[in-house]
Amino acid sequence: MPSLIKERIKDMRRMGFKLKADDVYSDKKASLKDAVMQFGGGCTGEFISPEGLLLTNHHCGYASIQKLSSVEHDYLTDGYWAKSRSEELHVPGLTISLLERMEDVTDRIAAGESKEEIIAQASKGKGCRASIEPMYYGNQHYLFVYRVYKDVRLVGAPPSSIGKFGGDTDNWIWPRHTGDFSMFRVYADANNEPADYSADNVPYRPKRYLPISTKGVKEGDFTMIYGFPGNTQEYVTADAVEYVTNISNPMKIALRTTRLDIISEAQSKDVATRIAYAAKHANIANAWKKWQGESLGLERLGTVAKKATYEQEFATWAADKPQYATLLDSMHTAYEKAIPGYFARELFNETIAGIDVLNFALWLNSQHEKGVKLTADVQNVGRKYYLGDYRVEIDKAIAKQMIGEYVARIPATEIPAQLTAAIDSYGGVEPFVDGLYNGTQLITKYPLTHDEIFADPMVQLAVWFAPQVAKNSNYAYRNLSNVPSVEKWYREYMQALREWDKERAFYPDANFTLRVAYGTVTGYENVDGEYHTHLTTLDGIMAKDNPEIYDYNIPQTLRDIYARKDYGRWSIEKGGKSTIPVCFLASNHTSGGNSGSPVINGKGELIGINFDRTWRSTMSDIEFDPDICRNISVDIRYVMFVIDRIGGASYLFEEMDLR
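Residues numbered from 1 in each chain as written. Predicted model: local features only at pLDDT ≥ 70, side-chain atom pairs only at ≥ 80, totals over all residues. Heavy atoms only, no water.

1. So, the environment of Val244
How we decide: For the purposes of this entry, the term helix denotes a DSSP run of H or I that reaches at least four residues, the term strand denotes a run of E that reaches at least two, and both are numbered from the N terminus. Should any heavy atoms of two residues lie within 4.5 Å, those residues are considered in contact.
Along the polypeptide, Val244 turns up in helix H9 (residues 238-267). Separated by 393 residues in the primary sequence, Val244 and Arg637 place their C-alpha atoms 39 Å from one another. Ignoring sequence-local partners within four residues, the contact set of Val244 consists of Asn249, Pro250, Glu294, Leu298 and Ile622.

Listed below in structure tokens is the structure:
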């Protein structure tokens, strides 16, 4: 945790870090933490100028770029580069959150102060929000105070053939050649405080921004990742790992494969559909491929067996300690009881919740249950969210498959009785779904009266599912181990582990709060006799270039530059010839949420933007293997090259500190 960085600073300096602990984190002076932000709902970004200019990943900005795109202005395919501040495009709904401070409030809570009181007090101030997050399964609690900025504008994005080069095929794979970056600018009011979008707003002036190193990286260089990793489960027992590898991941992978196949086929036939479903396809595919690598990695490491052995050793130590002697038995029993309900929730999310118009119906019913009057304005909010960029034939095809999978995989007693009867009366799932879509007015009519809404067959189906939705809310947690009936045992378990395993370095699991990870630039042995080096170059892009395949069809401008070897100041020598660096590997422990995180060298300079892990690293949320786990970053020199030679936006360099 950044506020505890003093505990690690000697080790960091031994590896090549040149700055002090309070340069990394301080709530009394400007520090590196002030250059880092939570971008949108689940990514990281970093300031690179004193005028609010920021970098994040292309895939983090993807939904925003899509929102601003149309067939006439296809910024996903063609990219976008503002030529002046006046051309920067406001992205409705996009926010960034800057951490003001973090504070251990464990003692305050233990003394009787309520979390609500602490949060309310900390949230005072324009644009402030606060949260209290548990660490070590509730053994400690930390307060996080943020400033939220709502006026965020797109400055530049490369075409997807650079920013998403390789698409789903290369996702999680090394060697990698993806220029995964996009640029935005944060605007504030005249007092540098958060404000709604206004033409009168001015660029935000950050307390700290990152200088950019153009020197490059070499094997063994120090690297530091600063960002908001979302989810690790380092301390879970074998029960949890067995559930992931044998039950959860196989189900989710199979169901997402079906959805992706339907969407991909439709996208291949129509440009407008490709744009409309681009972000949705990417969101579905990202976790789908990650889970495949995760399962393979956990099996390769034998994580279930390792956990079981570790727990046996712990049980031997705990046997004569009454407070811990039966702890593992209690945890095992809790898992057995929690798994059916948690699986039902995951299955619902991967099937029923994958149907867009049914999601709209579920939302309408939930609003009604909360006492919200379903006015035209309320309906419009839901329509925009659930039925924006909507294609009924895609949704219907998905519905046929997903409802079929749901009723096949869930115990019959869990299926709404009305749904079973309706499917039987139609003679099967497919004719039932045809009748459902033929009868619904949610897609074709707006606004609907209250009576029309609740007479609609899609809303009737949502009402049938309402008890299941309510039951699922009992399992609406990040992981199986966070279900309260299971998690309650982990507080004691963490206490016990820290008493017993005194040589182990214990860090709190990631939970979308600001964290530091550090390591070195390094390759790895992929398989026996096959070493993957740390750097890829433009030559690798050209080897993959294929105009027949959307994800590998690079811009003609890049082909022309390569043919002329017209690289300008960004050129490097490799293998006796001139080329451009593209991506590099390092040994930092990252997780979802670290997308867009700055990769910082020993001098505190930006050398890259983290965007992925290697496929063999995706199990690192559960077990981190330092020999094989590597994070993938786009080299900052490639980012600068693309801004300059592809985007023609070198004027942006004038506000950066290029070193």
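2. Description of the sheet that holds strand E16 (residues 535-537)
Cut-off, in case you're wondering: A pair of strands is considered paired only if DSSP assigns at least 2 bridges between the two. In this analysis, axes come from line fits to C-alpha atoms, helices being fitted only over the stretch in contact, and the angle between any two N-to-C directions falls in the range 0 to 180 degrees.
Ordered by their spatial adjacency, seven strands build an open sheet running E13-E12-E20-E21-E22-E19-E16, and the pairing between neighbours is antiparallel. For this open sheet the edge positions go to strand E13 (515-520) and E16, each flanked by a neighbour on one side alone. Neighbour to neighbour, the strand axes of the sheet diverge by 30 degrees on average, direction disregarded. In this sheet, strand E22 (residues 631-635) lies alongside strand E21 (residues 606-613) in antiparallel orientation, the contact comprising five bridges. Bridging across to E22, Asn610 finds its partner in Ser633. Sitting on the sheet, helix H24 (residues 636-646) touches E16, strand E19 (581-586), E21 and E22, and the angle it makes with E22 is about 40 degrees.

3. What about empty space enclosed by the protein?
Formally: Method remark: on a 1 Å grid restricted to protein atoms, a set of points is classed as a cavity if a 1.4 Å probe fits but cannot get out and as a pocket if it is open with protein on both sides within 12 Å along at least five of seven lines; lining residues have an atom within 4 Å of a point. Grid points are joined across faces, edges and corners, and a volume is the space filled by probe spheres set on the points. Polar here means any residue other than Ala, Val, Leu, Ile, Met, Phe, Trp, Tyr, Cys and Pro, which are nonpolar, and Asp, Glu, Lys and Arg, which are charged; Gly is therefore polar.
Evaluation of the coordinates by the stated rule reveals two cavities of 30 Å³ or more. The computed volume of the largest cavity comes to approximately 60 Å³. In terms of lining residues, the largest cavity is bounded by Asp34, Leu98, Leu99, Glu100, Tyr204 and Lys207. For the lining of the largest cavity, the residue count by class is three nonpolar, no polar and three charged. One number sums up the size of the second largest cavity: a volume of about 30 Å³.

4. Re the nonpolar core
Rules: Definition of nonpolar core: a set of buried residues of the types Ala, Val, Leu, Ile, Met, Phe, Trp, Tyr and Cys, connected through side-chain atoms within 4.5 Å. Burial here depends on accessible area, computed with a 1.4 Å probe over protein chains only, as a share of the maximum for the residue type. Under 20% is buried, over 50% is exposed, and the range in between is partly exposed.
In terms of nonpolar packing, the biggest core is built from 157 residues, with Met183, Met224, Tyr226, Tyr638, Ile643 and Met656 touching the most fellow members. When sequence neighbours within four positions are dropped, the list of residues in contact with Met183 reads Ile48, Leu53, Leu54, Leu55, Trp81, Arg153, Leu154, Val155, Gly156, Ile643, Leu652 and Met656. Within the second largest apolar cluster, 28 residues are counted, among which are Met37, Phe39, Leu76 and Val186.

5. Here's the deal with the pairing of strand E3 (residues 53-56)
Burial of E3 is two-sided: the residues Leu53 and Leu55 facing one way and the residues Leu54 and Thr56 facing the other way are all buried. Sheet topology note: the strand E2 (residues 43-47)/E3 ladder contains two bridges and is antiparallel. When the bridges of E3 are listed, Glu46 appears paired with Leu55. The antiparallel hairpin formed by E2 and E3 contains five residues in its connecting segment, where Gly52 sits at a positive phi of about 75 degrees. Bridging between E3 and strand E10 (residues 182-188) involves four bridges; their strand directions are antiparallel. Its bridge partner lying in E10, Thr56 is registered against Ser182.

6. Overview of helix H14 (residues 356-369)
Short version of the rule: Expected span of a helix, by definition, is 1.5 Å for each gap between consecutive residues, and there is one gap fewer than residues.
Under the 1.5 Å per step criterion, the end-to-end length of H14 is 20 Å for 14 residues, consistent within 8% with the ideal 20 Å. In terms of residue burial, H14 counts as a mostly covered element, since 11 of its 14 residues are buried. Directly after H14, the chain includes Gly371, whose backbone phi takes a positive value near 90 degrees.

No statement about biological role is implied by the geometric values presented.
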